[in-house]
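The primary structure of each chain is shown beneath.
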Amino acid sequence: MTPQLITLMDGLKNRLDVVVMGATTSPNSIDPALRRFERFEWEIDIGIPTPLERLAIIRSSTKNMTLADDVDLEDVSVVLCVVFDPLTSSSHADRF
């Protein structure tokens, strides 16, 4: 699939106002040909949200939802931070 994407992108060189966006959770696995000099104007690394940022994301995502009275979004954000801890591959199930 990468060669086809590169061919299509190379065909866009003479066009203006074209935006190509992509996202990954594994930036180290991106084919180096896609990251070649001048292939993209920008590469933005957003990174992993902090616990407070994750809480803000959860609050924003659920602001128009009806939640059960016992749902504590702070607890949810803590659980998500532990479960998706990038520094370890363990499940952390013993912490709950």
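Sequence order as written defines residue numbering, which begins from 1 separately in each chain. Where totals are concerned, whole chains, interfaces and linings use all residues; where local detail is concerned, this predicted model gives features only for residues with pLDDT of at least 70, and gives and counts side-chain atom pairs only at 80 or more. Hydrogens are left out, water is left out, and the side-chain values use all remaining heavy atoms of the structure.

Student: I would appreciate a short explanation of the side chain of Ser77 in the present structure.
Tutor: Secondary structure elements follow DSSP: runs of H or I no shorter than four residues count as helices, runs of E no shorter than two count as strands, and numbering proceeds from the N terminus. Along the polypeptide, Ser77 turns up in helix 3 (residues 73-83). Ignoring any residue separated from it by four or fewer positions in sequence, one finds Ser77 in contact with Pro51, Arg54, Leu55 and Ile58. Contacts are residue-level and defined by heavy atoms, with any inter-residue pair within 4.5 Å sufficient.

Student: Whenever I open this one, the layout of surface pockets confuses me. Can you help?
Tutor: If a probe as big as a water molecule is rolled over the atoms, it shows which places are left empty. The rule is simple: put a 1 Å grid over the protein atoms alone, call a set of points where a 1.4 Å probe fits but cannot get out a cavity, call an open set with protein on both sides within 12 Å along at least five of seven lines a pocket, and count a residue as lining if it has an atom within 4 Å of a point. Grid points are joined across faces, edges and corners, and a volume is the space filled by probe spheres set on the points. Size it by volume and the largest pocket reaches roughly 1600 Å³. Along the walls of the largest pocket sit 33 residues, with Val20, Met21, Gly22, Phe40 and Trp42 positioned nearest its centre. Partitioning the lining of the largest pocket into residue classes produces 18 nonpolar, four polar and 11 charged. Classification convention: Asp, Glu, Lys, Arg as charged; Ala, Val, Leu, Ile, Met, Phe, Trp, Tyr, Cys, Pro as nonpolar; all other residues, Gly among them, as polar.

Student: Before we go on, may I ask you to explain the confidence of the model for the protein in this structure?
Tutor: Do not read the predicted coordinates in detail wherever pLDDT is low. In this model, the protein carries an average pLDDT of 77, and 82% of its residues clear a pLDDT of 70 or more. Scored from 0 to 100, pLDDT records how confident the predictor is in each individual residue. Of all the helices and strands in the protein, helix 1 (residues 2-10) carries the lowest mean pLDDT, 77, while helix 2 (residues 51-62) carries the highest, 90. Under a pLDDT of 50 for its full length, residues 89-96 has, in the predicted model, five contacts with residues more than four places off or in other chains.

Student: Help me understand a nonpolar patch on the surface, please; the structure alone is not making it clear to me.
Tutor: Among the surface-exposed residues, Met65, Leu67, Val71 and Val76 lie close enough to one another that they form a single nonpolar patch of about 300 Å² accessible area. Counting through the fold element by element, Met65 comes out in the loop between helix 2 and helix 3. Patch building starts from residues that exceed 30% relative accessible area and form no salt bridge, then joins like charges within 9 Å and nonpolar side chains (Val, Leu, Ile, Met, Phe, Trp, Tyr) within 5 Å. Working definition of accessibility: Shrake-Rupley area with a 1.4 Å probe, residue cover restricted to the visible protein chains. A pair is scored as a salt bridge if a Lys or Arg side-chain nitrogen falls within 4 Å of a carboxyl oxygen belonging to Asp or Glu.

Student: What am I meant to see in helix 2 here?
Tutor: Residues that lie three or four places apart on an α-helix share one face, since the helix turns once every 3.6 residues. The span one expects for a helix is its residue count, reduced by one, times 1.5 Å. Taking 1.5 Å per residue, 12 residues should reach 16 Å; helix 2 reaches 16 Å between its end C-alpha atoms and fits that length. Along helix 2, the positions that sit buried rather than exposed are Arg54, Leu55, Ile58 and Thr62. Here the buried residues of helix 2 occupy an arc of 100 degrees about the axis, which is enough to place them on one side. Burial status follows relative accessibility: with a 1.4 Å probe on protein chains alone, a residue under 20% of its type maximum counts as buried, one over 50% as exposed, and anything between as partly exposed. Of all possible arcs, the one meant is that of the directions from the helix axis to the C-beta atoms.

Student: Just to check I follow, could you spell out the pattern of salt bridges for this structure?
Tutor: Close approach of charged atoms allows side chains of opposite charge to pair. All told, the structure shown has one salt bridge when counted by the stated rule. Arg59 is the salt-bridge partner of Glu74, the closest N and O atoms lying 3.4 Å from each other. Here Glu74 is found in helix 3, whereas its partner Arg59 is found in helix 2, with 15 residues between them in sequence. Given a relative accessible area of 44%, Arg59 falls into the partly exposed group.

Student: Sorry, what's going on with the environment of Gly22 here?
Tutor: With respect to the helices and strands, Gly22 occurs in the loop between helix 1 and helix 2. Residue Gly22 is classed as exposed on the basis of its relative accessible area of 77%. Along the backbone, Gly22 and Glu43 are 21 residues apart, and their C-alpha atoms lie at a distance of 9.7 Å.

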